[in-house]
Amino acid sequence: MARILVTGGTGYIGSHTVVELMQQGYDVIIVDNLSNSNQAVLDGIAAIVGTCPEFVQADCCDSAAMDDVFTRYSDIVSVIHFAASKAVNESVEQPLKYYRNNVMSLITVLETMRKHAITNIVFSSSCTVYGQPDAQYLPVDETAPLQKALSPYGNTKQINEDIIRDTVYADKSLRATILRYFNPIGAHPSALIGELPNGVPQNLLPYVTQTAIGLRAELKIFGNDYNTPDGSCIRDYIYVVDLAKAHVKAVQRMLSGDADEPVELFNLGTGCGLSVLEIVNTFMQVTGVKVPYQIVGRREGDIEQVWAKADKANHILGWKADTPIEQVLMSAWQWEKKLRSNN
Ligand code: UFG
């Protein structure tokens, strides 16, 4: 069976994708520098799948290390490139870290792929490239205009999309799939892998689960005076396992030669927008656990509302994010409980 190189494969979305790939019979080699993940994730993957994926601890900016990986694993047929730094605030404070980790790593991966004649890559992009779409573009599809990024993190996603397009244009043997993720949440139903935020969570769901378990005194809801039905921001929350499955579809499509264009682009979302208050209230309903919260002022740089039109991925990839939100929130809660019971 073919082998997939998964960079960032011990991270949140990466680890869930490795599970789906292995369950579909792919061999996997993970490259991760463990800068924001833990090697113990490999045990979680092994417990779910029954075998441990191959793993190399290396930085994707390290050309020699990447060259070595491609030399040792000559059966690699595609790369899924997750490895990146992803904290929006940190990127404002340390832009060069983001340009190095996110842009340099992609360049290095592409250069090494070309050297070894590996022709397929899936790239993790983000709905952040759309900024706040005008009302006429909601739900947002792949043709909506991009907006100037609000952070260096967001800018690295735009730059990387351009690097991929330019590289594929120049090298006709290459194929790429760019996946624009909306807001991934939840954990594997086994509760053996999930999100492991470092320090105080910046994202909504880990903050909700940590508050529910008593690690945080209360959740701060950033604003209830937006132009939305309940005044809080709206996002498209997608189950991480559904998201992971889309990567398998994307790889299969490229490998079978079905791609219509050298670079294909897909939004990955549910097609349904939920507000912060809806998420918090649904979480309390399904878990029966109270999440103390306070409405505070708006968070700087927040987008009011964005959700996906995911028809392209639905029709062309034959994929749909259809896990009910109740089940997704429950999976996040099971994972949080499991994490704390181990500590
Ligand atoms: N929120 C709160 N309280 C919190 C955390 C978040 O009210 O403690 C709210 C935010 O204001 C926002 C919503 O919950 O309205 C979702 O916030 P997240 O930080 O979870 O997600 P964002 O949509 O702001 O950011 C995510 C990714 C970024 C990415 C961005 C756009 O985390 O990496 O989507 O793609 F850049």
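Anything mentioned here points back to the structure above.
Below or above, wherever it landed, is the structure these notes cover. (Residues numbered from 1 in each chain as written. Predicted model: local features only at pLDDT ≥ 70, side-chain atom pairs only at ≥ 80, totals over all residues. Heavy atoms only, no water.)

Our focus in this paragraph is the packing of helix H1 (residues 12-23) against helix H8 (residues 240-255). At a closest axis distance of 8 Å, the pairing of H1 and H8 adopts a crossing angle of 60°. One way to sum up the angle between H1 and H8 is to call them oblique. As for how H1 packs across H8, the hand of that crossing is right-handed. Within the contact between the two elements, H1 uses Tyr12, Ile13, His16, Thr17, Glu20 and Leu21 and H8 uses Val240, Val241, Leu243, Ala244, Lys245, His247 and Val248. Grouping the constituent residues of the contact of H1 with H8 by class yields 8 nonpolar, 3 polar and 2 charged. (Axes fitted to C-alpha atoms, helices over the stretch in contact; angles between N-to-C directions. Helix = DSSP H or I, 4+ residues; strand = E, 2+ residues; numbered from the N terminus. Parallel < 35°, antiparallel > 145°, perpendicular 65-115°, else oblique. Left-handed = near helix turned anticlockwise from the far one by under 90°. Contact = heavy atoms within 4.5 Å. Nonpolar A, V, L, I, M, F, W, Y, C, P; charged D, E, K, R; others polar.)

On to the pattern of salt bridges, then. Across all of its chains, the model carries 15 salt bridges by this definition. When the shortest N-O distance is used, the salt bridge between Arg180 and Glu161 registers 2.6 Å. A residue pair is termed long-range when its members are at least 10 positions apart, and Arg180 in strand S6 (residues 175-181) and Glu161 in helix H6 (residues 152-170) qualify at 19 residues. One network of salt bridges, with partners in common, ties together Glu161, Asp162, Arg165 and Arg180. (Salt bridge = Lys/Arg side-chain N within 4 Å of Asp/Glu carboxyl O.)

For the rest of this paragraph, the subject is the state of the cysteines. Under the definition given, this model contains 0 disulfides. We note that Cys61 lacks a disulfide partner, and the nearest cysteine sulfur, in Cys60, lies 7.2 Å from it. (Disulfide = S-S within 2.5 Å.)

Around the ligand lies a shell of 21 residues, among which Ser126, Asn203, Lys220, Arg235 and Asp302 are the nearest. Elements supplying a minimum of two residues to the shell around the ligand: helix H7 (204-212) and strand S8 (219-222). The leading source of residues in the shell around the ligand is S8, at 4 residues. Each residue belonging to the shell around the ligand can be placed in one class, and the counts come to 11 nonpolar, 5 polar and 5 charged. (Near = heavy atom within 4 Å.)

Shape is all these values report; function is a separate question.
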